[in-house]
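# Survey of secondary and tertiary structure
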Amino acid sequence: MPYTNYHSHCYFCDGKEAAEFYLQEAIRLGMPAYGISSHSPLPYDLPWTMSEVDGDTYINEIERLKELYTEQIEVYRGVEVDFIPDVAGSRFIKDEFSLDYTIGSVHFVDFFADGHPWEIDGRHQVFLQGLDQIFKNNIEAAIQRYYALIRQMVQDDPPDIVGHLDKIKIQSEDGQLFNEQSDWYQQAVSETLDVIAETGLIIEVNTRGMCKQLTDEPYPSYWILRQMRGRDIPIVLSSDSHHPREIMSHFSDVTEQLLAIGYNQVRILYQNQWQDKPLTKNGIEI
Ligand SMILES: [Zn+2]
Ligand SMILES: [Zn+2]
C-alpha cells in the first residue's frame, strides 16, 4: 500500500540530490504522488534556501519532470515558505512560482539588533544567543512569540499546509529550557490549534526529527495530534526528506500511532485536488 510525500528538499536548496532521484525512488516505492518543496528564497545570506535567480529554473525543471514521469507518478511543485511578517510568506511567492501548494513554516522569530532574523530551528548556540539578546532569556516569551507568529501566518497569509508545528521543541532537549507539559505551553498550542481549526488548513505530521534522531515523536507531538483529532484538523504525512532514501522515513511507525489516536484518514494531493483517503496500517488507500 502506498504513501505520498509533499515535503522534500533537493539540489535547489539544502537537499542532497537532484529532484529527479527523489521521484525515481518514489516510483520504485509505488508512491502515486510526490511533491518537491524547496525552501523559498529570502533576502538574507543563508546556505539552505533557494536563490532568487533559481526561480525560473525551478519551475521549468519540475515541469519537465511532471511530463517525463506522467505515466508513473503525479508530480507536484510546492515550496516550503518562510513566514516573516512583511518580508516573506505564501502570498509573495505562490503565483510567481505557479505553485500547486505551499507549506508555511516559521523558522525565524523576530530579529537581532543588526537586522538578521533569529533562526530557531538551527544551531542551539544561535538559539541561545537570540533567547538572550531578543528575549532576555525569557523562554516563555520566546515560545509564546513563536506560536503567535504561526497564528498570524495562518490568519494573514495562509499556506496550504502548516509545516512542522512544534519544531521549536528540539531546542529543549530533555525539557531543560521548557517542558511540553507546562500549562502555559499547552495553552499556547491549544490556542494555536483553535485558530488553525477555524481556517480548515492542513497540519503536516512531519517525521524529520525522528529521521535525524532528534525526537522520538513527529512534529507535532502525539499529545498535540490527539488534540488535533478532537478538532477534526486534517493531516498530511510528510518526511521533510533531504535525501531520496528518507522519503518515507518512519511513516509506518507514525501510522500506527495515528491510527491509535483515531486518525484513520489523511489528506493527499491527487488528480490535482486535495482529498481525504483512508489510512490503514499498510498505508494510504487510493
Ligand atoms: Zn522547515
Ligand atoms: Zn523542510
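Above this note sits the structure.
Residues numbered from 1 in each chain as written. Chains lettered and ligands numbered in written order. Predicted model: local features only at pLDDT ≥ 70, side-chain atom pairs only at ≥ 80, totals over all residues. Heavy atoms only, no water.

## Concerning the coordination of the zinc ion (ligand 2)
Surrounding the zinc ion (ligand 2) are the protein donor atoms His-7 (NE2), His-9 (NE2), Glu-80 (OE) and Asp-240 (OD), which sit 2.0 to 2.3 Å from the metal. Relative to the metal, the 4 donor atoms surrounding the zinc ion (ligand 2) lie at angles of 79 to 165 degrees, and the coordination shape comes out irregular. Here the zinc ion (ligand 2) and the zinc ion (ligand 1) are spaced 3.5 Å apart, linked through Glu-80, which binds each one. With a gap of 73 residues between them, His-7 in the segment before α1 (19-28) and Glu-80 in strand β2 (residues 74-82) connect regions that are remote in the sequence. (Donors = N, O, S within 2.8 Å, 3.2 Å for Na, K, Ca; no water. Tetrahedral: all angles 85-135°; square planar, octahedral: opposite > 155°, others 65-115°. Helix = DSSP H or I, 4+ residues; strand = E, 2+ residues; numbered from the N terminus.)

## Some thoughts on the pattern of salt bridges
Scanning the entire structure with this criterion turns up 15 salt bridges. For Glu-25, the salt bridge identified is with Arg-28, shortest N-O distance 3.0 Å. In this pair, Glu-25 and Arg-28 are both assigned in helix α1, 3 residues apart and thus about one turn of the helix distant. Given a relative accessible area of 60%, Arg-28 falls into the exposed group. Asp-276 is paired through a salt bridge with Arg-267; the nearest N and O atoms lie 2.9 Å apart. Arg-267 sits in the partly exposed class, given a relative accessible area of 22%. Among the ionic contacts, a cluster of salt bridges with common partners joins Glu-20, Glu-61 and Arg-64. (Salt bridge = Lys/Arg side-chain N within 4 Å of Asp/Glu carboxyl O. Buried < 20%, exposed > 50% of the residue type's maximum accessible area, 1.4 Å probe, protein only.)

## Considerations on helix α8 (residues 222-230)
Looking at α8, one finds that the buried residues are Tyr-222, Trp-223, Ile-224, Leu-225 and Met-228. Contact partners of the buried residues in α8: α6 (183-199), β7 (202-206), α7 (208-211), β8 (235-238) and α9 (251-261). (Contact = heavy atoms within 4.5 Å.)

## Describing the sheet that holds strand β10 (residues 273-280)
The sheet built from 3 strands is open, its strands ordered β9-β10-β11 with antiparallel pairing. For this open sheet the edge positions go to β9 (265-270) and β11 (283-284), each flanked by a neighbour on one side alone. With 6 bridges joining them, β9 and β10 adopt antiparallel strand pairing. Bridge pairing in β10 links Leu-269 to Trp-274. (Pairing = 2+ DSSP bridges.)

## Comments concerning unusual backbone geometry
Following Tyr-219, the chain continues to Pro-220 via a peptide bond in cis, the omega torsion being -5 degrees. With respect to the helices, strands and loops of the structure, Pro-220 is situated in the loop between α7 and α8. A positive phi is found at Asp-110, a non-glycine position, where the angle reads about 55 degrees. Take Asp-110: it is sitting in strand β4 (residues 108-111). Of the residues examined, Asp-110 reaches a relative accessible area of 22% and is grouped as partly exposed.

## Quick word on the side chain of Asp-240
Along the chain, Asp-240 turns up in the loop between β8 and α9. Despite its burial, Asp-240 remains without a salt bridge, the nearest opposite charge being carried by Lys-167 at 5.0 Å. One polar contact links Asp-240 to His-9, side chain to side chain, over a distance of 3.0 Å. Sequence-distant contacts of Asp-240, that is, excluding residues within four places in its chain, are made with Asn-5, His-7, His-9, Glu-80, His-164, Asn-206 and Arg-208. (Lys, Arg positive; Asp, Glu negative; His and termini not counted. Polar contact = N/O pair within 3.5 Å; in protein donor to acceptor, adjacent residues only side chain to side chain.)

## As for the sheet that holds β8
Taking strand neighbours across the sheet as the criterion, the 6 strands line up as β1-β2-β3-β6-β7-β8 in an open arrangement whose pairing is parallel. Of all the strands in the sheet, the pair left with one neighbour each is β1 (33-39) and β8.

## Describing α9
Of the positions making up α9, those classed as buried are Phe-251, Val-254, Thr-255, Leu-258 and Ile-261. With its buried residues spanning 120 degrees around the axis, α9 presents them on a single face. Exposed positions of α9 whose direction lies more than 90 degrees from the buried face are Glu-256 and Ala-260. Summarising the contacts, the buried residues of α9 are in contact with β7, α7, α8, β8 and β10. Trailing α9 by a residue or two, Gly-262 shows a phi angle of about 110 degrees, which is positive. (Arc of directions from axis to C-beta.)

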